[in-house]
Structures are given as C-alpha cells and as structure tokens.
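Chains, contacts and geometry: an overview
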Amino acid sequence: MRSPLDAPEGDWWSEEVNRRETIWLGITGGWAAVLFGWMAGWTQIGDQNPTGPTERISPERYQEKVTAYKEEAEDAEDGLIPPGEDVFIGAMRYNWDGLPAVLEAGKTYKFHIGSYDVQHGFSIRKGDTLSKQMSLQVLPEYEWVVEMEFDEPGTYHVVCNEFCGVGHRTMHGAFTVRE
Ligand SMILES: [Cu+2]
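Here the structure is a predicted model, which is why all the values come from computation and not from measurement.

Rules behind the numbers
- For every chain, the first residue of the written sequence is number 1, and numbering continues from 1 along that sequence.
- Local features in a predicted model are, by the rule used here, given only for residues with pLDDT of at least 70; side-chain atom pairs are given and counted only at 80 or more, and totals for whole chains, interfaces and linings are based on all residues.
- Strands here are runs of E lasting at least two residues and helices are runs of H or I lasting at least four, both read from the DSSP assignment and numbered beginning at the N terminus.
- Both definitions apply: the radius of gyration is a C-alpha atom measure, and the globule rule equals 2.2 Å times residues to the power 0.38.
- Residues with at least 20 neighbouring C-beta atoms inside 10 Å of their own are called buried, those with 12 or fewer are called exposed, and the rest are partly exposed, where every C-beta is derived from the backbone.
- Throughout, a pair of residues is in contact if the C-beta atoms placed from their backbones lie within 7 Å.
- By our criterion, buried Ala, Val, Leu, Ile, Met, Phe, Trp, Tyr and Cys residues that link up through C-beta atoms within 7 Å make up a nonpolar core.
- Think of it this way: DSSP has to see at least two bridges between two strands before they count as a pair.
- Here an axis means a line fitted to C-alpha atoms, over the contact stretch when the element is a helix, while the angle between two N-to-C directions is reported on a 0 to 180 degree scale.
- Expected helix span is computed as 1.5 Å times (number of residues minus one).
- Throughout, the arc means the angular range of directions from the helix axis out to the C-beta atoms.

**Points about the overall build of the protein**
Secondary structure assignment for the protein yields 2 helices and 12 strands. Over its C-alpha atoms the protein spans a radius of gyration of 25 Å, topping by over 25% the 16 Å that the globule rule assigns to 179 residues. Projecting the C-alpha coordinates of the protein onto the three principal axes gives extents of approximately 85 × 35 × 35 Å. Per-residue burial for the protein yields a buried fraction of 20% across its 179 residues. Of the contacts formed within the protein by residues at least 6 apart in sequence, a portion of 64% connects residues at least 24 apart.

Structure (structure tokens):
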C-alpha cells in the first residue's frame, strides 16, 4: 500500500480547479458574506438587542446612587418598592445591592445596573424556569440603563452568570412582580 505521505504521481499541483469546486467555493464565499452582513445588521435592526444608555461612573459614585435610591424606596416586607420608574441594582461580591425589590406587572422600569468591584453577569429568570432567561453583563466603571417590563406576576431570580470569585455560586437575588 502507498503511504499517504508520498506525493501523488504526476503534475498534480498545476491541474486546474474543477468547475464544480469553483462553484461551491463561490457559494460558500457568498454565504459567508451574507452571514457577516447579517451579524452587523442584527445589531442595528430590530429589538433583539438590549439597548439603553451606558455611562462611565466610578464604583464609589455608583454605590452612592444605589444607596440614595434605597433610602428613597419604600421598605416593604418582601423588598424595596422603587419610588418611581427607576430601579437601581449594584452588583458586588457576592450580593445584589438594591434587591429584593417589589415591582408592578406591566409597568416599564428603567433598570440601572453597575458593579462595585469586578465584572458580574446579571441573569434574570422567572421561578424555576431554566430555559427562559436573559443575561446582561455588568461592568465596573459603567452604569447601564435598560428598560424592562414584566407582564407575569411571580418571583424572578437574579443570579450572577459571570464567575466573580469563590462565593460566585451564592450570588443570588430576587424580585417580586405583583399585579
Ligand atoms: Cu458572580
């Protein structure tokens, strides 16, 4: 048997590319261009990407804002009731400052998210649902304002989805959505 390491016989390197191969190369090249354009277009068209303003802020200053919000919020039995449409959440090892909160179903809130220390993942899932969740990145030095509305009443869990240290798995918060 011939070894696959031996060169094939004849003048194989100057053979012309088969026409079918040329067609397939063209199709894959074209498709790659379509996917690339789609990727860029996806960020511009439609509502599938979380949007909202992001501002640079020092972790200390952001913590002050969260503290001021907590003082203004009404302290109910199962959490803080935001004074208006703004909800402030500060991520820290290994807790969510500002949670638990009590929100109204069907009302649009402006979630302010930021971190006091390292990068965290802000992941919301309702009750025991594991298949339906949203995840946002929380970065120190930034305050991100994302509009959110919850139509279904119930308990929503907030878990950190970005490894942030030894206590990462305990970084859990929740909010309640009421009718
Ligand atoms: Cu974490």
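**Considering the nonpolar core**
Counting residues in hydrophobic clusters, the biggest one holds 27 residues, and the most contacted among them are Ile89, Ala91, Ile113, Tyr156, Val158 and Phe175. When contributions to this core are tallied by element, the ones reaching two or more residues are helix 2 (59–72), strand 4 (86–92), strand 6 (101–104), strand 7 (108–115), strand 8 (120–126), strand 11 (154–160) and strand 12 (172–178). Sorting elements by how many residues they give to this core places strand 4 first, with 5 residues. Excluding its chain neighbours within four sequence positions, the residues that come into contact with Ile89 are Trp96, Asp97, Gly98, Leu99, Phe111, His112 and Ile113.

**As for the pairing of strand 10 (residues 142–149)**
In this structure, strand 1 (residues 54–56) lies alongside strand 10, joined through 3 bridges in antiparallel fashion. Pairing of Arg56 across the sheet is with Tyr142, part of strand 10.

**Regarding the environment of Pro53**
By the secondary structure assignment, Pro53 is in the loop between helix 1 (19–42) and strand 1. The sequence separation of Pro53 and Gly114 amounts to 61 residues, and the corresponding C-alpha distance is 12 Å.

**Considering the sheet that holds strand 7**
Read across the open sheet, the 5 strands follow the order 1-10-7-4-5; overall the sheet is mixed. What marks the edges here is a single partner per strand, and that holds for strand 1 and strand 5 (95–97). For this sheet, the mean inter-axis angle between neighbouring strands, taken without regard to orientation, is 25°. When strand 4 meets strand 7, the two strands line up parallel, connected through 6 bridges. When the sheet's bridge partners are listed, Asp86 is paired in strand 7 with Lys110.

**Topic: helix 2**
For helix 2, with 14 residues, the first-to-last C-alpha span of 20 Å sits near the 20 Å given by 1.5 Å per residue. Taken together, the buried positions of helix 2 are occupied by Tyr62, Val66 and Tyr69. Along helix 2, the residues classed as buried sweep out an arc of 60° about the axis, all on the same side. In helix 2, the exposed positions angled more than 90 degrees off the buried face are occupied by Glu60, Arg61, Ala68 and Glu71.

**Focus: unusual backbone geometry**
Here the bond from Arg93 into Tyr94 is cis, since omega is -5°, no more than 30 degrees from zero. Along the chain, Tyr94 falls in the loop between strand 4 and strand 5. Each neighbour pair has its own omega, and for Leu99 with Pro100 the value is 0°, a cis peptide bond. By the secondary structure assignment, Pro100 is in the loop between strand 5 and strand 6. Positive phi, normally seen in glycine, also occurs at Glu141, with a value near 80°.

**Concerning the environment of Thr43**
Position of Thr43 relative to the elements: it lies in the loop between helix 1 and strand 1. For the pair formed by Thr43 and Pro8, sequence separation is 35 residues and the distance between their alpha carbons is 48 Å.

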